[in-house]
Structure formats: C-alpha cells, structure tokens
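Each chain is listed here by its residues.
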Amino acid sequence: MTTPVIELRDVSRRYDDGPPALSDVSLTVREGEAVAILGPSGSGKSTLLNLIAGLDRPDTGTVTVAGVRVDGLGEAASARYRRARIGMVFQFFNLLDDLTVADNVVLPAQLAGMARGEASKRAAELLDQLGVARHARAYPGRLSGGERQRVAVARALMNRPALLLADEPTGALDTASGEDVSALLTELNADGQTLVVVTHDLALARSCTRRTIQLVDGRIAGDVVVEPTR
Amino acid sequence: MSGLGRVVRSGVARRRVQTVVIGLATTMAVTSSVLGGSLLVASSAPFDDGFATQRGAHLSARFDAGKVTADQLKAPVSGVTASAGPFPVTSVTPSDDGPGDAPPLTVVGRAEPGGDPVDAVTVTEGEWADAPGELVVSADGPYAHSPTGSGVGRRLTLADGSTVTVVGVARSVSRTADGWVPPSWISAPEGYQVLYRFASAATTEQVDAARAAVTAAVPEGALSGSQSWLVLKQVADRSIAVFVPFLVAFGLLGLFMSLLVVGNVVAGAVGAGTRRIGILKALGFTPAQVVWAYMAQALIPAAVGTAIGVVAGNLLAIPVLAETEDVYGAVTLTVAPWVNVVVIAGALALVSVTAWVSALRAGRLRTVDAIAVGRTPRPGRGRWAARLTARLAVPRPVGLGLARPFARPARAAAMVAAVLFGATAVTFAVGLASSLNQLQIARNHNSADVKIEGFGRGGPGPGPGVRPAERDVDPVAVSAAISAQAGTRAHYRTSETEVTVSGVAGTTAVVSFTGDATWDGYQLVSGRWFAQPGEAVAPTTFLVATGTAVGDTVTLDDGDKSVTVRIVGDVFEMSNDGMVVLTDAATFTSGSDRSSHHIAVRPGTDVTSYIDGLNSALKPLGATARPGRDDQASDTIILINSLTATLTLMLVAVAAMGVLNALVLDTRERIRDLGVHKALGMTPRQTIAMVLASVVVIGVVGGAVGVPAGVALHEAVLPAMGESAGISLPPSVFAVHDPLSLLLLGVGGLLIAVVGALLPAGWAAKTSTATALRAE
C-alpha cells in the first residue's frame, strides 16, 4: 500500500446561506493514483479542488496533502505549499500572455527561489519532454489550444509537485487536442505522477484515470476503480 | 429613478476610490483657483476703484521753481489728456513740542480738493484748508492721527516758529502730497507740482515715454522728481499681489492634476467596463445615454469637490485678505462673488469636457464587440520589457512588476503625470519655503549676537519697550564700551532719520552706518556696498519710486540740509516699505537720529556672560544690551508657508490617489493573472512586492521630471512674487537647491508612487485566488 497523498476527513463547505457545496466528504488518494472527480455543474467539484489546492478552507473537517495540513494554512503558507507540492492545470490554460512560453514555465521555480540556470535547464527539459520545446521563445497567443495546455502542464510540473491537479484540462480543446492532452496525463501518471482530474467528461476520466469519484450535491455518490481505456 | 439614473448611481457606488479621487482633485483645484482668483481681483480692486473715482494722476511731477515758471508749466504737452496745477510746493518740518524732531512734510498749495480735472482729493475728516495757518494732512501720513485719536485740531510748530492747525484729513490715491494748504500760504515755493493724465499709461514704458515728453516740454533740469501711478499701484497691491503668482502656480497644477485624474478615471471606467457598456447597449441604451452615464459618474464627485473647494477657498481667503485691510483703512475686502461663479462654471465645464472626451469611446463601441470583449486587455504591448526584466538579477515578482507599466503605456503615462505633478509641487513648495527662509534672513539681517537699540537724542519718543532714560545715551560712548568689552569680534552702529526725496510723496528713511556692517546679513541684488562718503545703497522699491538706478544720484533733504548721494548698490531691504537709503555716517547724519548697536562676539564666547559683562559697562551710560537673532517671521511669510504646505499636501494626496486609482483599475483588469500567479505559489508578500515594483519606474521617471519642473516653476514664480511685491530678490533666495536635496526630492516622487500603490498592493495580496481565477 502506497503513502496517502490526499486525505480529506469529514470536510464540509458552505458559501453564505446557500446549500452546502461539500458535505461530510472523506477521501483518500494514494501516491501514484490517477483519480477523476466527476459530477454535474454545482456538484462541488471545484470546491473540492480548491480545498485540496489550499485556495479555500473547509468549514469543518481536515485536508491533508502530502503530509501538510492544508486547512489551517495562512495565505503565505498556502502559497508556499502550492508552489512546493501542487501543480495546477486549468481549463483555459491560464498562461500569462505577456511572458514567453519558457518564461511561463520557469515562473513557479523562480517564485520558489530556484537558481536561474537550474530553473532554465529544468524548463527546457520539460518543454522538450512535452514536445513544445520549439515554442520556447514564442508567446502563448501563437500556440494552438493543445500546445498551450502542454505548456501549462510543463509549468505545473516545474517544481516536481507531489500532486498534479487538473481542472477540466480538455474543456477548451477540440477533440484531437483533448485526446492529445489526455494521453499526456496518462503518460505522466504512468511515470508515477499522482493525478487528480476534475471533469464532467466521462471519456476523459476513463482514458487517463483508473478511479472515478462521483459527486452529487456536495456528497460522494460513488467511488469506483475502473480500468483505463488505453 | 430612471434607468440611466440607476446606472449612474451604481457606477458611482461601485467605483468609490475613483469617486473620492475625482472629488479630492477637484477640491484642490477649485480651492487654489478661488483663492488665487479672489486675491488677484482683491489686490487691484480698491486702488483701481479709488484711482478711477479720483481721476488719479498717471504722473505726479515736481519741477524746480528756480528753473521753470508756473506759466511755462501751463504749456500743452503731447499725449496729456488732462492735467492739474501747477501747484506751489514746499517742505516743512512740523513738530508738536519743538522744531527739528519730526518727519518733514511735502506740502502742496491747492485751493480746493475735488475741483481739479486730475487728483480729486477726498476729504475724509474735517474740512479743506482755506485760510492761512490751516493744514489738511494726508490720511496715509503720520499726522492723520494723534495719540488721542483724530489728527484734526492738532497744532504743529514749524521750523520758523510759526504754527499751523490741522483742519482736515484727506486721501489722495495718487499720493500727491503729505499735506495741503491754501496756495497763498506758500509765498516762496521750492517747486511746482503738476499732475498729468495721459492717453496711454498702462505700462511702465508708456509712462516713461510720457514722462520724457513732459521733460522735453520744460527747460533742461526743471523736472526735479516724478512719481508714476504704476509704482503706487504696485505698493498698494503688493500685500495681496505677492500671493498671486504662487497661488496661480498651485491653481494650474491642481487644474492639470484634476483633469488628468478625471480623464484617467473615466477612460479607465470605460476601458474596464467594455462588457458592461455592451450589455447596456444591448438593453437599449443609446450611445448618447451611455456617454452621459459615464460623464455623470465623474461630474457627481466633481460637483461635490467643487462645492467643498469653493467653501475652502473662501475660508482660506479670509486671513490673506485681512492682511491688507489696514492698507485701505475702513475698506473690507471680500471674495468677489463673480470669482466663485467663474471658478465653479469653469471647473465643471472643464471636467465635463474631459469626461466627455474620455467617455466618447463608450458611445462609439459596437455593441457586438463590446459584449464579446472580456476584461483582460489585449496582450502585445511591453513584451520587450517583460523579456528584459525576466533576465534581471532581481526576485521574479519584482521583475514582473517592473515590466508592468510597459504593458499599459497610456495608463503608466497618466501615473507618471500624477507623480510628476506631485513631485513638482513638493519641489516647488520646498524651494519656496527655503527661499522665504532666506528672504527672512536677508530681511532681518539678523546675524548680530547682541543688540543695543532704540535709543536716541531728543527723538520724538521712545520705541516700544525702550525706557525713557535711554533717550539720552551717547552712542559714541556706547561704541567705545563695546570695543573695550572682551569677546567683541565686530560691531557697528546705525542711526536712522527721515528725509524727503524730491518728487516722492512721504518720507524716506536714511540709515547711517558707523563701522563695517557687511557681516550682518545685508544682501545686495546688484552693485556693491558703499565704500566712501557720498555713496549709498538702496532697495529696488526706492530706486523705482525715484526713477533712479545704480550709478545715479539722489538728494536727501531732512529739512535742515540737503545731501546728494550716489547709489552704488541695490540692497535687499524691506524696512519702511523699501523707502530707505543706507549710507555711511560720514555721508549723512542727523541730530535727531535713533541709534542702535549690533555686535558679533568671538567664536566660543558665551553670549549671556558677554551681555552681563557689557551691561555692567553700559549701566553708567544708560543703555542695555540684549541677545540678538530674534528672528521674527513676517505674517505674510507665515501665511504663504501655511498655504503652500496645505496646497502641497492636497496635491501630493491627489497625486498618490491618481496612482492608486490607476493601479486599482490595473489590478481589476489583471485579476485573473493575479490569480494565476497566486495559484503558482506567489505569496502575499511577493504579490505586494510585484505591485509596488510596478510603480518604481513610474515614480523614478515622475520624480526625475517633476523635480526639474518644480525647480523651473520656483525659478519662474519667485521673481514674479518679487515683482508683485515691488522688490528685487538677492541671489541667496534663488540658490536654495543643492544636489542632495534635489536627489531627496526625486526620491519623494518614488515615495508618492509607492504610497499610492500600497492600498492596491494590499488588496491584490488579499484577493482570493479562487475568486480571481473565476473572474471573467
């Protein structure tokens, strides 16, 4: 049995006077796992992702990621936590348009204080590994959607995170690019990267994860291990 | 409330920072404008009104009775539209209790006060003199009042033993005489007075040309003196006029700042609200309604700021105007209502036009484009800067911040302009305060460690705080005691008396020096200090009033004797309203002088012990020494410094808020990028560093341009203030900026930018990452 990377215990979160976004959610994700969080709009997927990433705090319960109690971190500590242990991939890439591809990728390392030479070398390796090295000096606006998401993945992996969080990583891509990104995530997981993918795309979940957690109205409605369609 | 009203109200409420910035900027601009405008009007109104009513003389000319006859003076002169005279003129030295100890009077023989076509003198008390032995004195002269109140009824003894009775007090705006008597009373006039009005006399050049025509019409050397109405106007106006140049400077700075802020806020609101504009149009708002909605968002706070500014300007004007009430006797000066109206209308019109120009884009936007465009600005600008700063050896957040201004050059330019105006104002204010301090030093010439002053022989009375026993002190014996006192490094003695100068109304003070006084802070504007008998120095006011220049001669008359001196230097001296001549005691002494001694002690000498020792030596002589250097700032300088500090603080606040406003817009636009940065691990401290770094270039550029601009403004305004006050300023007043202080002022520009960026930086650091990432 591998070490748990994510441990949620009785986590609840409610915004203002609305219904609970998450209600008594307990969850464990182990090292090397690839987990898909599935659910319709408003089911609590994004809330769960924010809590794991340290972007939000639960009202009750505990969130532990890679040995760090995330639910009690202050702003600065949660930023340091994210930069050291979490890599994030977004639906709309969230690349910084005024920085080159290489500068985008190297940014998390620079924020963490990594030496410039070392950071540049690591970025070059990642871009090469993800097949976008030729775009290193280009700006994101000139890249296709799939290429942009590859750059975003490279950026997410820059600080060798214990956990890669992907929020609808293919949601803004055409079918071919979506399959391309899906394959990339599968490869990364195969290389040992723990992966949590938030999506409502069942095909994506099946293609790159072996476990799916179904959220409905803020509760876990299903947690099943499936064989990936490779 | 209409739909448009709701849109405007929500816009004002949503943009609280921008609303406050516009309000404050407008307040500052309107306050300065009301103050400057009202003083400009008030400074000239009383004199101009009086001059028009009395048909004042453009030139008051005095002719030597030995060189020209009254009949010759009646001949027409080219360019003269009206004239009065010739009137017989003489000088008398009256006294209450004996001859020889009061200022002399220039007395003119005139049959009636208001009947002449020029200089219709107004009798303010008593009646006109129409019998021998009767005298009407000038309301601006020393005999208008007696110790018991009115001067009417006072009997004065003249040098020949005869007596005259003051039967009236009159005011001549043209200051044509110290007193008036029936013409028959002056049987042997020293000269004749002719009062002229010219077709053209608005400028010094025109008056000079007219004076030349008058001179050419009489025998050579007959014109012994003349006085231009422009000089009188300047003297009358200067107590207020001195405020006008720097208030105008602040008014303009405030106005530019206000328009900059309004333009920036409205343009920013339009830029950031593109999607909102699209929705409004999609709902059926016409382009004109959209433009009006954005204009109104600026006009509402501007109107509030204008109202506050008008009140503040009127309140601040009270102490300044009160400074001058003495000049005009019972006249009470108030802010002219039309100034308020003009400033209100002007401010709102300028704000409207600026807001309209900035809001026009909102009206022109195509609905479909507006809805399609998100909040994030189009990338592409300033990428070179981002590449460059990525390679700088600075923490990455700092590098990201440094590149930011180049991504939005127009907004950065607006911020630079705000900092620039702020730095200009601070530099100008600091320079002005330093200059006024130097002016104070030059005015007080107060380097003496010890003083003995205020005594004289047989003077008209002791000065304030001077004991009667000190009136008979022998100044030579005091000088000897000072010389003999251990610790004396240098000392000199002055004695002061009053004289008349031909052609100039009122008296001129002559200060006679015994010993070297150049160590005591006297500063020369031009020329040199007097070096031998027959030489003198005098301030610009005196030179202008007498129509002389350095190198010319003037004749000083104390009633007993006349002494001609050559002016060798223009000295900065403000005593006696600048009507003063400084010379050597060997050149001019008077039996009725008031003396004072000024002493510098040797380095290391204890002044208190020195004074104690000296007072022991002076006790038998009846004199008392006291500490010197009793710097007393003039009320005018205190007022100018207070106003400068207030207006500068307001300008700096507006400058910082201009930066704040721009950064708030920038932060809102970049909220998603900010979220990405934070999601990638940027800590709050790094976020603050990034936002603060984004204004470093702006602060440095604003400071680097603003400081020289402030110095230039100082160089332009200070001479204008001097000119308004009718004085020339010594070089020390201008040389107040040294490299270190300029560097610090430049850093002040950076400080303004950083202060303005602190709040947005804090907000950026506190912004929820999840919320920022969700932002459209």
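Residues numbered from 1 in each chain as written. Chains lettered and ligands numbered in written order. Predicted model: local features only at pLDDT ≥ 70, side-chain atom pairs only at ≥ 80, totals over all residues. Heavy atoms only, no water.

Which residues make up the overall build of chain B, and what values go with them?
Of the regular secondary structure elements, chain B holds 23 helices and 22 strands. Within chain B, buried positions represent 55% of all 776 residues. Summarising the internal contacts of chain B: among those between residues at least 6 apart in sequence, 81% fall at separations of at least 24. Here chain B displays about 31,000 Å² of accessible surface, and carbon together with sulfur accounts for 61% of that area. (Helix = DSSP H or I, 4+ residues; strand = E, 2+ residues; numbered from the N terminus. Buried < 20%, exposed > 50% of the residue type's maximum accessible area, 1.4 Å probe, protein only. Contact = heavy atoms within 4.5 Å. Areas by Shrake-Rupley, 256 points an atom, 1.4 Å probe, with all protein chains shown as cover.)

A description of the pattern of salt bridges should follow, citing residues and the corresponding values.
Overall, the coordinates contain 17 salt bridges over all chains when judged by the stated rule. With a shortest N-O distance of 2.8 Å, A:Asp71 and A:Arg69 are connected by a salt bridge. Through salt bridges with shared partners, a single ionic network connects B:Arg404, B:Arg408, B:Arg411, B:Asp666 and B:Glu669. (Salt bridge = Lys/Arg side-chain N within 4 Å of Asp/Glu carboxyl O.)

Run through the pairing of strand 11 (residues 191-198) of chain B, naming residues and quoting values.
Residues and elements named next belong to chain B. Within strand 11, 7 of the 8 residues are buried, which leaves it mostly tucked inside the rest of the structure. The pairing of strand 1 (residues 59-64) with strand 11 spans 6 bridges and is classified as antiparallel. Paired with serine 60 across the two strands is leucine 195, which belongs to strand 11. As paired elements, strand 2 (residues 80-92) and strand 11 share 7 bridges and run antiparallel to each other. In the strand pairing of strand 11, serine 83 is matched with tyrosine 196. (Pairing = 2+ DSSP bridges.)

Could you give an account of the sheet that holds strand 2 (residues 20-30) of chain A, naming the residues involved and the relevant values?
Residues and elements named next belong to chain A. A sheet is described by the order of its strands in space; here 4 strands give the open sequence 2-1-4-5, paired in antiparallel fashion. Unpaired on one side and paired on the other, strand 2 and strand 5 (68-69) mark the two borders of the sheet. Here strand 1 (residues 4-14) runs beside strand 2; their pairing, made up of 7 bridges, is antiparallel. Paired with arginine 13 across the bridge in strand 2 is leucine 22.

Lay out the environment of B:Tyr294 with the relevant residues and their values.
All names here are of chain B. One can find tyrosine 294 in helix 8 (residues 287-322). Exposure remark for tyrosine 294: the relative accessible area of 1% places this residue in the buried category. Spatially, the C-alpha atom of tyrosine 294 lies 9.1 Å from that of leucine 360, the residues being 66 residues apart in sequence. Here tyrosine 294 is in contact with Val266, Ala269, Val270, Gly273, Arg276, Ile277, Ala359 and Ala362, once residues within four sequence places are set aside.

Hey, could you go over the confidence of the model for chain A for me, with residue numbers and the actual values?
Per-residue confidence for chain A gives a mean pLDDT of 89; residues scoring 70 or more make up 97%. Averaged over each element, pLDDT in chain A is lowest for helix 7 (residues 202-208) of chain A (87) and highest for strand 4 (residues 60-65) of chain A (94). (pLDDT = per-residue confidence, 0-100.)

Please give an account of the packing of aromatic side chains that cites residues and values.
Applying the stated rule across the entire model yields 9 aromatic pairs over all chains. Seen from their ring centres, B:Tyr196 and B:Phe198 are 5.9 Å apart, and the 15° between their planes marks the pair as stacked. You'll find B:Tyr196 and B:Phe198 in the same group, each marked buried. What links up through ring pairs into an aromatic cluster is the set B:Tyr492, B:Phe513, B:Tyr522, B:Trp529 and B:Phe530. Positioned over the ring face of A:Tyr139 is B:Arg383, at 3.8 Å from the centre of the ring. (Phe/Tyr/Trp six-rings, centres within 6.5 Å; stacked < 30°, edge-to-face > 60°. Lys NZ or Arg CZ within 6 Å of the ring centre and 35° of its normal.)

Tell me about the interface of chain A and chain B, residues and numbers included.
The interface of chain A with chain B comprises 25 residues on the first partner and 29 residues on the second. Here chain A meets chain B over a buried area of about 2,500 Å², counting both sides, of which 57% is carbon and sulfur. The three residues of chain A that bury the most area against chain B are A:Leu111, A:Arg116 and A:Tyr139, which together make up 22% of that side's buried surface. For B:Arg391, the salt bridge is made with A:Asp103, and the minimal N-O distance between the two is 3.9 Å. For the pair chain A and chain B, the number of links is 12 residue pairs in polar contact (both at pLDDT 80 or more). Breaking the side of chain A that touches chain B down by element, the ones donating at least two residues are helix 2 (75-85) and helix 3 (101-111) of chain A. Among the elements that line the side of chain A that touches chain B, the one with the most residues is helix 2 of chain A, at 6 residues. The residue inventory of the side of chain A that touches chain B, partitioned by class, reads 12 nonpolar, 4 polar and 9 charged. (Buried area = accessible area lost by both parts, 1.4 Å probe. Polar contact = N/O pair within 3.5 Å; in protein donor to acceptor, adjacent residues only side chain to side chain. Nonpolar A, V, L, I, M, F, W, Y, C, P; charged D, E, K, R; others polar.)

I'd like a rundown of the confidence of the model for chain B, residues and numbers included.
All names here are of chain B. On average, residues of chain B carry a pLDDT of 79, and 86% of them reach 70 or more. Model confidence for chain B, summarised as mean pLDDT per element, is weakest for strand 6 (residues 145-146) at 66 and strongest for helix 19 (residues 684-693) at 93. With pLDDT under 50 throughout, residues 325-331 is counted as low confidence; its partners more than four residues away or in other chains account for 11 contacts. Contacts for the low-pLDDT stretch residues 456-471, under 50 throughout, to residues beyond four places or in other chains number 32 contacts.

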